[in-house]
Amino acid sequence: MHSPSLDESFEIISSIANKISFSMTNEQLASNVQNFLEHFMKVEYNGLYFYDEKSKILKLIYAKNFSEKEKIEAEKSAMDRHPGLVYKTKKHLLIKDTTKNKDSSSSERSFKILSRLYIPLLIENKCVGTFGLASSSKDKFSEYDIKILSLVGAMVAMRIITINKELKNKEQHQANLQLTKNLNIINTFANVIHKGESVDDVVWSVAKSVIAELGYTDCVIYILDEAGEYLIQRAAHGNKNPDSRVILDPIKIKIGHGIVGSVAASRKGEIISDTSKDKRYILDDLSRLSEISVPIINDNQLIGVIDSEHTEKNFYPREHLELLNTVASITATKLMQVKYNDELKKHHLELENLVKIRTNELEQKSIKIENQNVKLKMLSLFPKHNPNPVIELDFNLKVQYSNEGAKKHFSNTPLLNNNHDNPLTDKYRKLLEKTIIGKKTGVYIIPEGFRINNKHYDFNLYIDNEFKILRLYLNDITEIKNMQAQLKEQHDSIYDSLNYALRIQKSILPDLSIFEGFYNDNFIFYKPKDVVSGDFYWSKK
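Cut-offs applied
Residues numbered from 1 in each chain as written. Predicted model: local features only at pLDDT ≥ 70, side-chain atom pairs only at ≥ 80, totals over all residues. Heavy atoms only, no water. Helix = DSSP H or I, 4+ residues; strand = E, 2+ residues; numbered from the N terminus. Contact = heavy atoms within 4.5 Å. Areas by Shrake-Rupley, 256 points an atom, 1.4 Å probe, with all protein chains shown as cover. Pairing = 2+ DSSP bridges. Axes fitted to C-alpha atoms, helices over the stretch in contact; angles between N-to-C directions. Salt bridge = Lys/Arg side-chain N within 4 Å of Asp/Glu carboxyl O. Buried < 20%, exposed > 50% of the residue type's maximum accessible area, 1.4 Å probe, protein only. Core = buried A, V, L, I, M, F, W, Y, C linked by side-chain atoms within 4.5 Å. Polar contact = N/O pair within 3.5 Å; in protein donor to acceptor, adjacent residues only side chain to side chain. Phe/Tyr/Trp six-rings, centres within 6.5 Å; stacked < 30°, edge-to-face > 60°. Lys NZ or Arg CZ within 6 Å of the ring centre and 35° of its normal.

*Asks:* For this particular structure, what's the right way to read the overall build of the protein?
*Replies:* A tally of helices and strands in the protein yields 12 helices and 16 strands. Long-range contacts, defined as pairs at least 24 residues apart, comprise 52% of the intrachain contacts of the protein with a sequence gap of at least 6. Of the accessible surface of the protein, which amounts to about 34,300 Å², a share of 53% is contributed by carbon and sulfur atoms.

Structure below.
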């Protein structure tokens, strides 16, 4: 091939440069490069590789005279062959005669490759790919070809970097737009949900406001029942919500069952791109082909699930999972706030009722105390007018009051005299201390009483722990005790006489063994009604 003139070279470069500069995508760029190569140099084979930063491989963008299988194999092994060598060394590779190059073998083709040329896509020492050409003629490629193709490779490299930057900027711009949209959705949702005062207000706000912003045609909000076993449909959007806050044929799902139950059990959101391939899918009102489901969680405590379905496969983008997780988090916080507010209101009502009850009780007690004060005032006159002795002491057993009856009976006794030199004083103090120990407020009857001045007294003891007083109500039972003693003495005397008569009676009765001479089997039944019997038994032979 003869070397073109300067004008021809300029025309060639200008033509491809114009096409390269107007290429908006890598695919369009590759197509323009391929057209150029076809026009510039007629060869049996050419191929273009772009380096992919993510996968770290050379991707075969196009290949002339390659089968699909050969394309796959060529891309898979590119980094280990000539394209990879050129990419790594950043230098062109020219093989004038492949028959003299042992590394220049290739797969079986309809023509024999006798020369090769690989050009790096290089700009500012940065390689972004390679393109290669192969011919059935030896020494097909000249130095002029290498210069022109290297210049084209540099322009391609520059455009690839520019396209990738534009693409990255566009993606970033789209991401920023999506982020702004998502933030607006969350902001709108936060403002709407803030007004909710009940669980229904909150869940219906989620089903309506958020879902409308996202463009979903279906949404159901599930709330966990009190037993923690089932998820109950509490709010809906779409076909499940025919009117106002009404749910069409609401269902409940057990934890761990279906997609919703699985999300609740795992506490992790899911996107199901094709529900027809997921055995967990539970048919509700209509069969739909994609589903997104996220749990509503607060401090790892499950509250419910937000679930949406769509009739199209692959409807939900991945970023919606993150967005719904944020919505679910805000919802969980609001639901807990509503719960605490409800509990606070309930507690407030209980306190108000309790205050009313306590106020009423205090009023009743106040009335009762007033009545008791009247009775106590009346009773306070009782000791004064009581003819029997009444003595009032403090808890140190010092006499605080004694009526006329007490003074008459005990004026010169240790009960009224706090004379510690008198041994009887300590005796009666210890008696009272032992009597009152551990006793609650009330009246206690002390039937055994006590003796003093050769007289016997029983007494009732009133203990008041609140006012720390003791009141002794005493009664002189000396005559009764003397009569009881006399009766006991007479009783014992009579029984002594009867027992003596019994011994005499038993002595004159015959011995039971005497009857054995009369009878082989015999017994005597002898059981007097009283101590001494009026009947006798005897024997005579």
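*Asks:* In this structure, what is going on with the environment of Lys339? I would like to understand it.
*Replies:* Of note, Lys339 is situated in helix H8 (residues 318-379). Taking C-alpha positions, Lys339 is 7.9 Å from Val199, a pair spaced 140 residues apart along the chain.

*Asks:* Sorry if this is basic, but what is going on with the sheet that holds strand E14 (residues 442-452) here?
*Replies:* Reading across from one edge, E13-E12-E16-E15-E14 is the order of the five strands in this open sheet, with antiparallel pairing throughout. Taken across any chain shown, the strands that pair with only one partner, and hence form the sheet edges, are strand E13 (399-402) and E14. With strand direction ignored, the average angle separating the axes of adjacent strands in the sheet is 25°. Note: strand E15 (residues 455-464) against strand E16 (residues 469-476), eight bridges, orientation antiparallel.

*Asks:* Help me understand the pattern of salt bridges in this model?
*Replies:* Taken as a whole, this structure holds 18 salt bridges when the rule is applied. We note a salt bridge from Asp274 to Lys313, for which the minimum N-O separation is 3.4 Å. Taken together, the positions of Asp274 in the loop between strand E9 (270-272) and strand E10 (290-298) and Lys313 in the loop between strand E11 (301-310) and H8 put the pair 39 residues apart, joining distant regions of the chain. Of the residues examined, Asp274 reaches a relative accessible area of 14% and is grouped as buried. According to the relative accessible area criterion, Lys313 is partly exposed, its value standing at 44%. Among the ionic pairs, Glu392 bridges to Arg471, the shortest N-O distance being 2.4 Å. You can see Glu392 sitting in strand E12 (residues 390-394) and its partner Arg471 sitting in strand E16, a full 79 residues away along the chain. Judged by relative accessible area, Glu392 falls into the buried class, the value being 15%. For Arg471, a relative accessible area of 18% translates into the label buried. Via salt bridges that share partners, Asp218, Asp285, Arg288 and Glu309 belong to a single interconnected network.

*Asks:* Would you mind showing me how to read the side chain of Asn32 here?
*Replies:* Within the secondary structure, Asn32 sits in helix H2 (residues 26-40). Of the residues examined, Asn32 reaches a relative accessible area of 15% and is grouped as buried. Asn32 has contacts with Ile16, Lys19 and Ser23, leaving out every residue within four places of it along the chain.

*Asks:* Can you help me understand the nonpolar core in this one?
*Replies:* Across soluble globular proteins, nonpolar side chains show a tendency to be buried alongside one another. Residues Ile221, Ile296 and Ile306 are the most contacted members of the largest nonpolar core, which totals 39 residues. Those elements that place two or more of their residues in this core are helix H6 (199-214), strand E6 (219-224), strand E7 (230-237), helix H7 (258-266), E10, E11 and H8. Counting residues per element, this core draws most heavily on H8, which supplies nine residues. Setting aside chain neighbours within four positions, we find Ile221 in contact with Val203, Val206, Ala207, Ile232, Gln233, Arg234, Ala235, Ile296, Val305 and Ile306. Ranked by size, the runner-up nonpolar core spans 32 residues in total, among them Ile13, Phe36, Val43 and Phe131.

*Asks:* Which parts of the structure should I look at to understand the side chain of Lys64?
*Replies:* Residue placement: Lys64 occurs in the loop between strand E2 (57-63) and helix H3 (68-77). Side-chain polar atoms of Lys64 contact the side chain of Glu38, separated by 2.9 Å. Within the structure, the side chain of Lys64 is placed 2.7 Å from the backbone oxygen of Val43, a separation counted as a polar contact. Non-local contacts of Lys64, meaning those with residues more than four positions away in its chain, are made with Glu38, Val43, Glu44, Tyr45 and Asn46.

*Asks:* How should the packing of aromatic side chains be read in this particular structure?
*Replies:* What characterises a pair of aromatic rings is the spacing of the ring centres plus the angle enclosed by the ring planes. The final tally for this structure, using the stated rule, is seven aromatic pairs. Measuring from ring centre to ring centre gives 4.5 Å for Tyr51 and Tyr87, while their planes differ by 20°; the resulting arrangement is stacked. Here Tyr51, found in strand E1 (residues 45-52), pairs with Tyr87, found in helix H4 (residues 82-89); they are 36 residues apart in sequence, far enough to count as distant. Feature note: the residues Tyr216, Phe315 and Tyr316 constitute an aromatic cluster, connected by ring pairs. Positioned above the aromatic ring of Tyr230 is the side chain of Lys252, whose terminal nitrogen or guanidinium carbon lies 4.4 Å from the ring centre. Lying over the aromatic face of Tyr444, Lys439 brings its terminal NZ or CZ to 5.6 Å of the ring centre.

*Asks:* I would appreciate a short explanation of unusual backbone geometry in the present structure.
*Replies:* Keep in mind that most residues, glycine aside, have a negative phi and that most peptide bonds are trans. In the Ramachandran plot, Lys56 falls in the positive-phi region, its phi being about 60° despite a non-glycine side chain. In this structure, Lys56 sits in the loop between E1 and E2. In the Ramachandran plot, Asp139 falls in the positive-phi region, its phi being about 50° despite a non-glycine side chain. Within the secondary structure, Asp139 is located in the loop between strand E5 (126-135) and helix H5 (143-194).

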